[in-house]
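Observations on the three-dimensional arrangement
What follows is each chain in one-letter form.
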Amino acid sequence: MSRGRADDPDEEPSDAHEQAAKIAVLEKAMKGRQPTDLMLRCTILDAEGNVKTISGQFRKADLCTEHRLNPRDLRKIDSRVPNLVPTILVRKEAILVNILHIRALVKADTVVLFDTYGSADSRLHSVFLYHLEHNLRAKTSGTPYEFRALDSILLSVLSALEAEMVFIRNLVGGLLAELEDDIDHDRFKRLLHYSRRLASFQNRAKLVQEALEEVLEQDEDLAAMYLTDKKNGTPRKHDDHEELEVLLESFAKQVEEIVNEAENIQSNVQSTQEIVELILDSNRNALLALDLKISIFTMGIGMGTLVAGVFGMNLKSHFEEHAFAFYVMAAASAAASLGVAWIGVHRLARIRKVGLSNGNRKKPEKRRWSLFSLRGRRHEPW
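Residues numbered from 1 in each chain as written. Predicted model: local features only at pLDDT ≥ 70, side-chain atom pairs only at ≥ 80, totals over all residues. Heavy atoms only, no water.

Each helix and strand in the protein chain was counted, giving eleven helices and six strands. In the protein chain, which comprises 382 residues, the share counted as buried stands at 31%. Carbon and sulfur atoms make up 56% of the accessible area of the protein chain, which amounts to about 26600 Å² in all. (Helix = DSSP H or I, 4+ residues; strand = E, 2+ residues; numbered from the N terminus. Buried < 20%, exposed > 50% of the residue type's maximum accessible area, 1.4 Å probe, protein only. Areas by Shrake-Rupley, 256 points an atom, 1.4 Å probe, with all protein chains shown as cover.)

Let's shift gears to the environment of Leu113. Looking at the element boundaries, Leu113 is found in strand β6 (residues 111–114). Remark: the alpha-carbon pair of Leu113 and Leu129, spanning 16 residues in sequence, is separated by 9.2 Å. Among all residues touching Leu113, those that are not within four sequence positions of it are Arg41, Cys42, Thr43, Leu45, Arg103, Ala104, Phe128, Leu129 and Leu132. (Contact = heavy atoms within 4.5 Å.)

On to unusual backbone geometry. Outside of glycine, negative phi angles account for most residues, and trans bonds account for most peptide bonds. Phi angles above zero are rare outside glycine, and Arg68 is one such case at about 55 degrees. Assignment of secondary structure puts Arg68 in the loop between α3 (60–67) and α4 (71–77). The backbone of Leu100 shows a phi angle near 50 degrees, a positive value even though the residue is not glycine. Here Leu100 is to be found in the loop between β4 (95–99) and β5 (102–106).

Turning our attention to the pattern of salt bridges. Counted according to the given criterion, the structure contains nine salt bridges. Measuring nitrogen to oxygen at the nearest pair gives 2.8 Å for the salt bridge that ties Lys231 to Asp109. Note that Lys231 is positioned in helix α9 (residues 227–231) and Asp109 in the loop between β5 and β6, a separation of 122 residues in sequence. With a shortest N-O distance of 3.7 Å, Glu178 and Arg187 are connected by a salt bridge. Relative accessible area serves as the criterion here: at 29%, Glu178 is assigned to the partly exposed category. Overall, Arg187 belongs to the partly exposed group, its relative accessible area being 21%. In the salt-bridge network here, residues are joined through shared partners; they are Glu178, Arg187 and Arg190. (Salt bridge = Lys/Arg side-chain N within 4 Å of Asp/Glu carboxyl O.)

Mean pLDDT over the protein chain works out to 78, with 78% of the residues at or above the 70 mark. Here residues 32–36 is modelled with pLDDT under 50, and outside its nearest four sequence neighbours on either side it reaches two contacts, counting other chains as well. (pLDDT = per-residue confidence, 0-100.)

In structure tokens:
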């Protein structure tokens with residue numbers, strides 16, 4: 001068997017083509033790794049909230065050495081590496097944030113924003129950078145530097161979710177209103193597209209919510225996020241993180257509201273889809289019933305033509321000698337046609353009369369009376 005399989009001329013070329021395709025893909029991937037891939041574009045803000053560098057080129061090794069990070073930490077916030085799961089990582093001297101359109105490194109006196117490659121929403125990034133600068137310069141509140149940076153980051157994430165939620169809600173709401181008036185193929189196709197888009201948004205919002213809840217569940221990470229106190233040599237206890245916990249819980253509650261609203265819209269879309277499917281099924285059943293009625297009437301007419309065909313043969317039956325034979329046979333043919341059609345329509349109406357409890361309805365049991373059943377019967381007082 002092995003020799004015959006090795007001598008098979010059809011399998012050797014396929015294996016050779018597959019191996020050649022793998023080698024070509026690997027060579028293309030290796031050639032695509034240019035030295036610039038070891039660089040990252042960053043925007044750096046100092047302790048005063050001023051922008052020191054805009055879209056500067058930095059080597060990954062230099063960033064790891066300066067901020068005491070591991071190379072795997074930078075891979076999580078590198079925009080060229082696909083990473084759809086939001087994360088908030090706490091390290092010795094920094095907090096790594098990777099949520100939606102924001103990839104940042106927050107320290108006790110510095111914020112490093114990693115530029116997102118391929119991002120088309122420059123307005124959102126500009127608004128976020130303006131709010132971050134304003135928030136970092138506001139020192140009157142007494143909030144630590146890293147918490148003000150986290151507040152700006154989470155506020156930008158929340159604004160992005162709310163904006164997309166409003167956009168999807170308007171799209172879906174308008175389409176559902178159109179479906180109430182008329183149901184066509186194009187609108188139903190758009191409803192399917194919007195449903196997929198809503199499901200994708202709901203998944204991303206849930207991932208953001210899970211990322212915030214995961215941080216809130218770790219007391220050690222919450223205490224380690226007080227970078228200013230750690231820098232000043234006064235580290236916090238594991239249970240002393242009330243200020244940060246209140247900050248994260250407020251954003252977690254708002255994200256939860258967005259998730260609940262997305263679930264409600266998804267429920268409305270599913271209900272509309274089910275109602276549309278029921279309406280289409282009812283219309284299809286009505287068309288099938290019409291087809292059956294036409295077939296039944298055709299069968300009735302066929303019975304009448306059968307009688308006419310029998311007496312229309314060129315044979316003597318002696319009926320043609322009677323004066324009223326034509327009228328009698330015409331009436332009999334019409335009666336046979338109407339009778340067959342009426343029986344068929346009546347049977348069809350009985351079949352279509354379906355109820356939810358028809359299959360579970362029990363027939364009333366007939367009570368059997370006998371001499372033995374009267375023995376155990378007690379006499380009741382008047």
